[in-house]
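Here is how the chains run, residue by residue.
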Amino acid sequence: MTLRAPIRHLLWLLVAIVLTVQWIFLRLAGVHLEPHWGALLSGLGIFGAAFILSWAAEVAQVDIPANLALAALALVAVLPEYAVDVYFAWMAGKDPSYTQYATANMTGANRLLIGFGWASVVFTFWLVSRRKSVDLEPSQSIEVFYLSLATLYSFVIPIKGTISLIDSVVLLAIFVRYVIAASRVTVSESELEGPSEMLGQLANAPRRLATIALFLLSGLTIFLAAEPFAEGLLATGRRFGVEEFILVQWLAPLASESPEFIVAILFAIRGKPNASLGTLLSSKLNQWTLLIGTLPAAYSLSAGEVQTMVMDSRQVEEVFLTAGQSLFAVAILAILSFSIKQAALVAALFSSQLFFINPSVRYGYSGAYIFLTVLLFIFSRNSRSAFWGMFRQFIGGTLGQAAPVAVNVRNE
């Protein structure tokens, strides 16, 4: 680290701590706030907690086995998003009208990760290096393959119009199988950067105490902020005439996932695009399996009996559109490479759909994603070979240990 780096890292850490502490103080003091102020300040608390969680999780890798760290990081990275969405699912068990908000938050978060997050990594890396593609490591075929499985299954949900405990079992099984497969891969020791680098240089006892304290601080903040943030968004929408569904679908994920986007972009700027894109790929897999699988469980626990979350026509179209986007994304990443042209197409499809809420138009976007996926597999022999290569490695138990066929060949 340069001489100025520790000061800069300390300032980043202090700012994040202030963002969390301000909300803890307001919440415990019982201060009454207008809905829009409550949503803003609790959202800032979640924003700060997300940064603190990521730094604490990175430092924890120094003291726990790599395999355990891998499983822990998979959960920690998207904890803020889970807290908000699980709250909506819990409330839906008491008031079914909240089901639409659980679906809105889940679909918005997933589409943001690909349409904004993945594309931003490629654009950022191109700006700093002029390289026109980002290539993943062969071991990251694990995430691509299991995301493919989850995506194919996800089409079942809009077809039947419900999210049930059966879906939970299937999606959680995919997630557990992914964690087991990933834990068998040799993981190179990661380099700590930013505040985590500063904390990682502490002696054993102070480092461990600091890590535990940061986990507790972020966890407490998320626990105290999830409900006020969610309800504040709904009340703000009602007060200012903005549709609550839209606020929940886009503003809530921005607050909980923007720190992850920022960290990923910083990795790309530092010349580590595979780590950057790999982080967001892992988050997408976690959200498309663990998050969706958790919702029916929270819903049933709240209701006091086993129940199925029934979606209306709008929720069905949102899940179908999200599944279509995910299908196209994993088809692109089958050869573990994401080009600037593909990123532009993904970003354009994502951003343009935000201006249309008509069901027929949005089903048109869903069809476009599926059509583009079919075209890619028809005309790209490398994509077909890579995907079937991953499938054969899965059957043989070697997925992630060797590169799938043609993984280093860019898409045509």
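Scroll up to find the structure.
Residues numbered from 1 in each chain as written. Predicted model: local features only at pLDDT ≥ 70, side-chain atom pairs only at ≥ 80, totals over all residues. Heavy atoms only, no water.

1. So, the overall build of the chain
Counting secondary structure elements, the chain contains 16 helices and 4 strands. A buried classification covers 54% of the 412 residues belonging to the chain. In the chain, once contacts between residues fewer than 6 apart in sequence are set aside, the share between residues at least 24 apart is 81%. Of the roughly 17,500 Å² of accessible surface on the chain, a fraction of 70% belongs to carbon and sulfur atoms. (Helix = DSSP H or I, 4+ residues; strand = E, 2+ residues; numbered from the N terminus. Buried < 20%, exposed > 50% of the residue type's maximum accessible area, 1.4 Å probe, protein only. Contact = heavy atoms within 4.5 Å. Areas by Shrake-Rupley, 256 points an atom, 1.4 Å probe, with all protein chains shown as cover.)

2. Digging into the pattern of salt bridges
Opposite charge on two side chains lets them pair, provided their charged atoms get close. A full pass over the atoms with the stated rule returns 8 salt bridges. Between Arg 314 and Glu 243 there is a salt bridge, and its shortest N-O distance comes to 2.2 Å. Of this pair, Arg 314 sits in helix α13 (residues 313-332) while Glu 243 sits in the loop between α10 (204-240) and α11 (244-269), and the two are 71 residues apart along the sequence. A salt bridge links Arg 362 to Glu 317, with the nearest nitrogen and oxygen atoms 3.4 Å apart. One end of the pair, Arg 362, is in helix α15 (residues 359-379); the other, Glu 317, is in helix α13, with 45 residues separating them in the sequence. Owing to a relative accessible area of 4%, Arg 362 belongs among the buried residues under this scheme. The class for Glu 317 is buried, based on a relative accessible area of 4%. Within the structure, one salt-bridge network assembled from shared partners comprises Arg 111, Glu 317, Glu 318 and Arg 362. (Salt bridge = Lys/Arg side-chain N within 4 Å of Asp/Glu carboxyl O.)

3. Section: the side chain of Ser 154
Looking at where Ser 154 falls in the secondary structure, it is placed in helix α6 (residues 141-154). Within the structure, Ser 154 has its side chain in polar contact with the backbone oxygen of Thr 151 (distance 2.5 Å). Ignoring anything within four residues of it in the chain, the contact list for Ser 154 reads Trp 288 and Ala 323. (Polar contact = N/O pair within 3.5 Å; in protein donor to acceptor, adjacent residues only side chain to side chain.)

4. Re a nonpolar patch on the surface
Nonpolar side chains collect at one region of the surface, where Leu 127, Val 128, Ile 262, Leu 266 and Ile 269 lie side by side and expose about 410 Å² of accessible area between them. Here the element with the most residues in the nonpolar patch is α11; it accounts for 3 residues. As for its position among the elements, Leu 127 is in helix α5 (residues 99-129). Leu 127 sits in the exposed class, given a relative accessible area of 54%. (Patch = residues over 30% accessible without salt bridge, like charges linked within 9 Å, V, L, I, M, F, W, Y side chains within 5 Å.)

5. Examining the packing of aromatic side chains
Summed over the entire model, instances satisfying the criterion amount to 17 aromatic pairs. Each ring, one from Phe 88 and one from Tyr 98, has its centre 6.4 Å from the other, and the planes form 35°; the classification is tilted. Placement of Phe 88 in helix α4 (residues 79-92) and of Tyr 98 in the loop between α4 and α5 is noted, with a sequence separation of 10 residues between them. Tyr 98 shares its class with Phe 88; the two are buried. An aromatic cluster of three or more residues is present, and its members are Trp 12, Phe 47, Phe 51 and Trp 55. For Arg 130, the ring lying beneath its charged end belongs to Trp 126, and the centroid distance is 4.4 Å. The ring of Trp 288 carries the charged tip of Lys 284 above its face, separated from the ring centre by 4.3 Å. (Phe/Tyr/Trp six-rings, centres within 6.5 Å; stacked < 30°, edge-to-face > 60°. Lys NZ or Arg CZ within 6 Å of the ring centre and 35° of its normal.)

6. Remarks on α6
When the terminal C-alpha atoms of α6 are compared, their 20 Å separation across 14 residues agrees well with the 20 Å that a helix rising 1.5 Å per residue should span. A large share of α6 lies buried, amounting to 12 of its 14 residues. (Expected span 1.5 Å × (residues − 1).)

7. Focus: unusual backbone geometry
The residue Arg 130 is not glycine, and still its phi comes out positive at about 65°. With respect to the helices and strands, Arg 130 occurs in the loop between α5 and β1 (133-135). One non-glycine residue with positive phi stands out, namely Leu 336, at about 60°. Tracing the sequence through the fold places Leu 336 in the loop between α13 and β4 (337-339). The class of Leu 336 is buried, set by a relative accessible area of 0%.

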